[in-house]
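What follows is the residue order along each chain.
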Amino acid sequence: MKRIAYRFFLIVLLSVLAVEVFPVSAQEDSWFDEGNYDEEWLDKNFDNDVMIISTPEEFAAWGAAMNRWSWNYPDKTVRLAVDIDMSAHKWITPVNERFGSYFSGVFDGDGYTISGLMVVPAEEGGGYSDDYKRVAAGLFGEVRRAEIRDLTLDETCRVEVSGIYYFSFGDLDLEIGAIAAVGAESRFIRCVNRADVVVTSAIWGSETYETICSVSGIVAHADDVKLIGCSNEGHMTIDVHSDVVDIRVSGLVGRCGPVYGNENRIVSCTNWGNIFVSGNTSGSVSVGGISSNYSFRVDSCENHSVVKVNAYEGSAYVGGVSSASMGITYCFNRDSVICESDGFEVQVGGVCSNSTYNSSQTDSLYTCGNEGEIEVKSNGSMLSVGGVMGQNTDCLIVDCWNRGGLKIESSAPRSSSSWNAIYAGGLVGYCEEPVYNSYNRGNISLIDAHIDEEGSSQGSVGGLVGKAYKLLWNSYSTGDVYSDVAGVKVCRLSESNVHSCYYNSDAVVEGTEVGENGIAYSTAEMQSAGSGFLDALNNAVKGDAVCRNWGYIPGENNGYPVHVDRIVDGVDSPADHSVGRVYAANGRLFVQSDRSMQLPVYKVTGQIVKIMNVVEGLNTDYLPCGVYVVAGQVVAVTAGNK
């Protein structure tokens, strides 16, 4: 009944506004209107390998060539020569409905800044003979086989999409990216977005087709894309009303292409902009500070701003770094993650919400951490919340930590006819894979908003993991654990599979049923090198492996042990690797190997930077500039034309 009423509301609203809704291309005062761009710029630069832009009118001429004539600049470099002020007119996203338009050259911002850019969306498809409709917004409508580098949109720029979008014959896509709506087989290098992105729309599509709204500070819809050294500093406000749409939002990348097809990477990127998503939809809402997709591998990235989601009807998947994991290494969340949802399923994690099976690569979380507070209110039947990951079904977790508190309120129905499951943990809520050499410092509180009603839930809450189906090894928790939800077990560490793990005996653990698995040490003992606690961590044995990666660092982690050299179980030491030549060129690390393996990359000071999944033959990976030790060989990575 709710959905029928909602559709009726949209039909009435569309009817009322029909006389006012028209394609964006018909708007006046566009940079692409005649007289607003330099009509001679393209002719003067057409034969040049490097095409220079020095005025706003020339910048508009560059866009007009894609928008009006669908020329994609093949084998050309377009380079800014000065800062460009684009505030005089609106920038209609360069797309061409009939032929399609995209950029396939190199766009070199050369460190200059674009200001005053007011991006409005353009539409493609939607006719009687079409099986799709697309609403695109961005400086670029689409880039293919392109490189966008050293480009900055400053805080006076803005991307805004507001309106009602309806299509019932096929796929309906909203692709809203500050720099690009769509990227394919392309690279974004050292790009910075400071523009706010605001989407307030009603979207009505067909339930029998795909309806997706993708929003990002860099690129909204990506396939075979690499982002290296990019940053989003603009705030993102998304308020979408729909009965069918799936919402994908993040600071760097929104939606992604094929899951197991092409390689997608995000390396050394940062989000500094607050992200607020409000979605009244029965579809899923996936939000992350860096990425909202599981088909991206994320290395050496950080989120420094609030990620907040209100999903009024649809299921929610929210992570401080990424919505989901296909491999996240050396990534950290530094601010709050907040989620309120009435959807059936809710998964929330300080680093990522969940892991997803990937047959071609080994999923993993290595050396990741969260220090932001996590707040969740859920009315759904399936709830998984963790300081690092909410639900883990396919991902090894090693050398990870959580220092933020978890505050969870469950308001799912408690009648005897209802069924619901709640899992929460300082590291992982629900976990089907091993967790090694990790720790939790945050307090966990699970409150039942319906405590006076009949019925109960099932599940468990633990200082490390709520429910652990596989080995939980050589890890510790110092946080309080509390729950008043009937039927949910409260554990100092985890309900089961706890081996060589430790808890703070001074922490408060309270609930209707309490589990005491683990080995107790007091606060003073955990913070003292002579108490035996550090020796226990550094001499834990699993098979033939002995862990020695813990130590005290003055002024860090409130006096509790942290990882020092980060040599982890399951990863060979550098001397054991049969690796040939290791070298760097043009900002990339190259490793020649005679077999497949996991290869740790160290800083010269001993800290691990990442774990490379190396295959037989020549392997390559991007690293920040610096000096590294790989398989016992020292290599210096410097900047280059990547």
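Per chain, residues are indexed from 1 in the order of the written sequence. Since the coordinates come from a predicted model, pLDDT governs what is reported: local features require at least 70, and pairs of side-chain atoms require 80 or more to be given and counted, while whole-chain, interface and lining totals use all residues. Excluding hydrogens and water, the side-chain figures rest on all heavy atoms present in the structure.

Would you mind going over the overall build of the protein with me for this structure?
Think of it this way: any DSSP run of H or I at least four residues long counts as a helix, any run of E at least two long counts as a strand, and we number them from the N terminus. Along the backbone of the protein there are five helices and 72 strands. Looking at the 642 residues of the protein, the share that counts as buried comes to 60%. What makes two residues a contact is simply this: any of their non-hydrogen atoms within 4.5 Å. By sequence separation, contacts in the protein at least 24 residues apart represent 79% of the contacts at least 6 residues apart. Each residue is placed in one exposure class: buried if its accessible area under a 1.4 Å probe, protein chains only, is under 20% of its type's maximum, exposed if it is over 50%, and partly exposed if it falls in between.

Mind showing me how you'd approach the sheet that holds strand E52 (residues 465-468) here?
Two pairing modes exist for strands in a sheet, parallel and antiparallel, and in both the strands are linked by backbone hydrogen bonds. Taken in spatial order, the five strands make up an open sheet running E32-E37-E42-E47-E52, and their pairing is parallel. The outermost strands of the open sheet, each flanked by one partner alone, are strand E32 (322-325) and E52. Averaged over neighbouring strand pairs, the angle between their axes works out to 10° when direction is ignored. Between any two strands, at least two bridges found by DSSP are needed for them to pair. Summarising the sheet, strand E37 (residues 352-355) and strand E42 (residues 389-392) pair through two bridges and their orientation is parallel. In the sheet register, Cys352 faces E42, and the bridge partner there is Met389. To define axes, lines are fitted to C-alpha atoms, for helices over the stretch in contact only, and angles between the resulting N-to-C directions are given on a 0 to 180 degree scale.

Just checking my understanding: could you explain the nonpolar core for this structure?
If you look at the biggest cluster of nonpolar residues, it comprises 135 residues, and the most contacted ones within it are Trp62, Phe188 and Leu227. Ignoring anything within four residues of it in the chain, the contact list for Phe188 reads Val143, Ile148, Ile179, Ala180, Ile218, Val219, Val225, Lys226, Leu227, Ile228 and Cys230. In these notes, a set of buried Ala, Val, Leu, Ile, Met, Phe, Trp, Tyr and Cys residues joined through side-chain atoms within 4.5 Å is what counts as a nonpolar core.

When you look at unusual backbone geometry in this model, what are you seeing that I'm missing?
A negative phi holds for most residues other than glycine; trans holds for most peptide bonds. The residue Asp110 is not glycine, and still its phi comes out positive at about 55°. Looking at the element boundaries, Asp110 is found in the loop between strand E5 (106-108) and strand E6 (113-115). A positive phi is found at Thr367, a non-glycine position, where the angle reads about 50°. By the element assignment, Thr367 lies in the loop between strand E38 (364-366) and strand E39 (369-370).

Just to check I follow, could you spell out the packing of aromatic side chains for this structure?
Ring pairs (aromatic) are described by centroid distance and by the angle formed between their planes. Pairing of aromatic rings covers Phe, Tyr and Trp, the last counted by its six-membered ring, and requires centre-to-centre distances within 6.5 Å; plane angles under 30 degrees mean stacked, over 60 mean edge-to-face, and any other angle means tilted. In this structure the tally under the stated criterion is 29 aromatic pairs. Note on Trp62 and Trp91: the rings are 6.1 Å apart at their centroids and 20° apart in plane angle, and the pair reads as stacked. Of the two residues, Trp62 sits in helix H3 (residues 56-69) while Trp91 sits in strand E4 (residues 90-92), which places them 29 residues apart along the sequence. Look at Tyr502 and Tyr521: their rings are 5.9 Å apart centre to centre, the planes differ by 65°, and that puts the pair in the edge-to-face class. Pair noted here: Tyr502 is in strand E58 (residues 502-504) and Tyr521 is in strand E61 (residues 519-521), with a separation of 19 residues, a long-range link. Clustering of aromatic rings is evident, with ring pairs tying together Phe32, Phe46, Phe59, Trp62, Trp71, Tyr73, Trp91, Phe103, Phe107 and Phe140. Ring-over charges, as used throughout, are those where CZ of Arg or NZ of Lys falls within 6 Å of the ring centre and within 35 degrees of the ring normal. Positioned over the ring face of Tyr102 is Arg144, at 4.1 Å from the centre of the ring.

Just checking my understanding: could you explain the side chain of Gln391 for this structure?
Relative to the assigned elements, Gln391 resides in strand E42. There is a polar contact of 3.5 Å between the side chain of Gln391 and the side chain of Ser384. Once residues lying within four places of it in the same chain are set aside, the contact partners of Gln391 are Glu345, Gln347, Ser353, Asn354, Ser355, Ser384 and Tyr430. N or O atoms within 3.5 Å of each other form a polar contact, as long as, within protein, one can give a hydrogen and the other can take it, and as long as residues adjacent in sequence are counted only when both atoms are side-chain atoms.

Could you clarify how one ought to interpret the sheet that holds strand E72 (residues 633-637) in this entry?
Across the sheet, four strands lie side by side as E69-E68-E71-E72; this open sheet has antiparallel pairing. Looking at strand neighbours, the two that pair on one side only are strand E69 (608-614) and E72, the edges of this open sheet. The average angle at which neighbouring strand axes cross in this sheet is 30°, direction not considered.

Just checking my understanding: could you explain the environment of Cys230 for this structure?
The residue Cys230 is located in the loop between strand E19 (219-228) and strand E20 (231-232) in this model. When neighbours within four sequence positions are excluded, Cys230 is seen to be in contact with Phe188, Ile189, Arg190, Cys191, Leu252, Ser268, Cys269 and Thr270.

Would you explain the pairing of strand E51 (residues 458-462) in this entry?
For a regular strand, side-chain orientation follows a simple rule: the groups alternate between the two sheet faces. Across the five residues of E51, four count as buried, placing the element largely inside the fold. Note that strand E46 (residues 421-425) and E51 share five bridges and pair parallel. Within E51, the residue paired with Ile422 across the bridge is Gly459. Sheet topology note: the E51/strand E56 (residues 488-491) ladder contains four bridges and is parallel. Across the sheet, the residue bridging to Gly459 is Val488, located in E56.

Can you walk me through the environment of Val120 in this structure?
By secondary structure assignment, the location of Val120 is in strand E7 (residues 118-120). By relative accessible area, Val120 is classed as buried at 13%. As a C-alpha pair, Val120 and Leu139 span 19 residues in sequence and 9.3 Å in three-dimensional space.

Mind showing me how you'd approach a negative patch on the surface here?
Taken together, the side chains of Glu34, Glu39, Glu40 and Asp43 define an acidic patch exposed on the protein surface. Tracing the chain through its elements places Glu34 in the loop between helix H1 (2-17) and helix H2 (41-45). The exposure class of Glu34 is exposed, given its relative accessible area of 62%. The patch calculation keeps residues exceeding 30% relative accessible area without a salt bridge and links them within 9 Å when they carry like charges or within 5 Å when they are nonpolar (Val, Leu, Ile, Met, Phe, Trp, Tyr). Exposure was quantified through the Shrake-Rupley algorithm and a 1.4 Å probe, taking into account, for residues, occlusion by the shown protein chains and nothing else. Should a side-chain nitrogen of Lys or Arg be within 4 Å of a carboxyl oxygen of Asp or Glu, the pair is scored as a salt bridge. The charged-residue count follows a simple rule in which Lys and Arg add positive charge and Asp and Glu add negative charge, with His and chain termini not counted at all. The atoms used to mark charge sites are NZ of Lys, CZ of Arg, CG of Asp and CD of Glu.

Just to check I follow, could you spell out the state of the cysteines for this structure?
Between two cysteines, a covalent bond joining their sulfur atoms is known as a disulfide. Cysteine sulfur atoms that pair up within 2.5 Å are treated as a disulfide. Scanning all chains against the criterion turns up zero disulfides. In this structure Cys331 is a free cysteine whose sulfur lies 4.7 Å from that of Cys301, the closest cysteine sulfur available.

Help me understand H3, please; the structure alone is not making it clear to me.
Residue count minus one, scaled by 1.5 Å, sets the expected span of a helix. The end-to-end C-alpha distance of H3 is 19 Å, a good match for the 20 Å that 14 residues give at a rise of 1.5 Å each. Along H3, the sharpest change in direction is near 30° and occurs at Gly63. Buried residues dominate H3, accounting for 10 of its 14 residues. Restricting attention to buried positions, one finds in H3 the residues Glu58, Phe59, Ala60, Ala61, Trp62, Gly63, Ala64, Ala65, Met66 and Asn67. Trailing H3 by a residue or two, Ser70 shows a phi angle of about 55°, which is positive. At every residue, the bend is computed as the angle between two fitted axes, covering the seven residues ending there and the seven beginning there respectively.

Explain the pattern of salt bridges to me, please; I cannot follow it from the model alone.
A side chain with one charge may pair with a side chain of the opposite charge, provided their charged atoms come close. One pass over the full model with this rule turns up 24 salt bridges. Taking the shortest distance from any N to any O, the salt bridge between Arg134 and Glu124 comes out at 2.4 Å. Taken together, the residues Arg134 in strand E9 (residues 132-137) and Glu124 in strand E8 (residues 122-125) connect sequence positions 10 residues apart. When sorted by exposure, Arg134 lands in the same class as Glu124, which is buried. Between Asp246 and Arg248 there is a salt bridge, and its shortest N-O distance comes to 4.0 Å. For Asp246, a relative accessible area of 21% puts it in the partly exposed group. Counted as one network, the salt bridges with shared partners bring together Arg79, Asp108, Glu147, Arg149 and Arg187.

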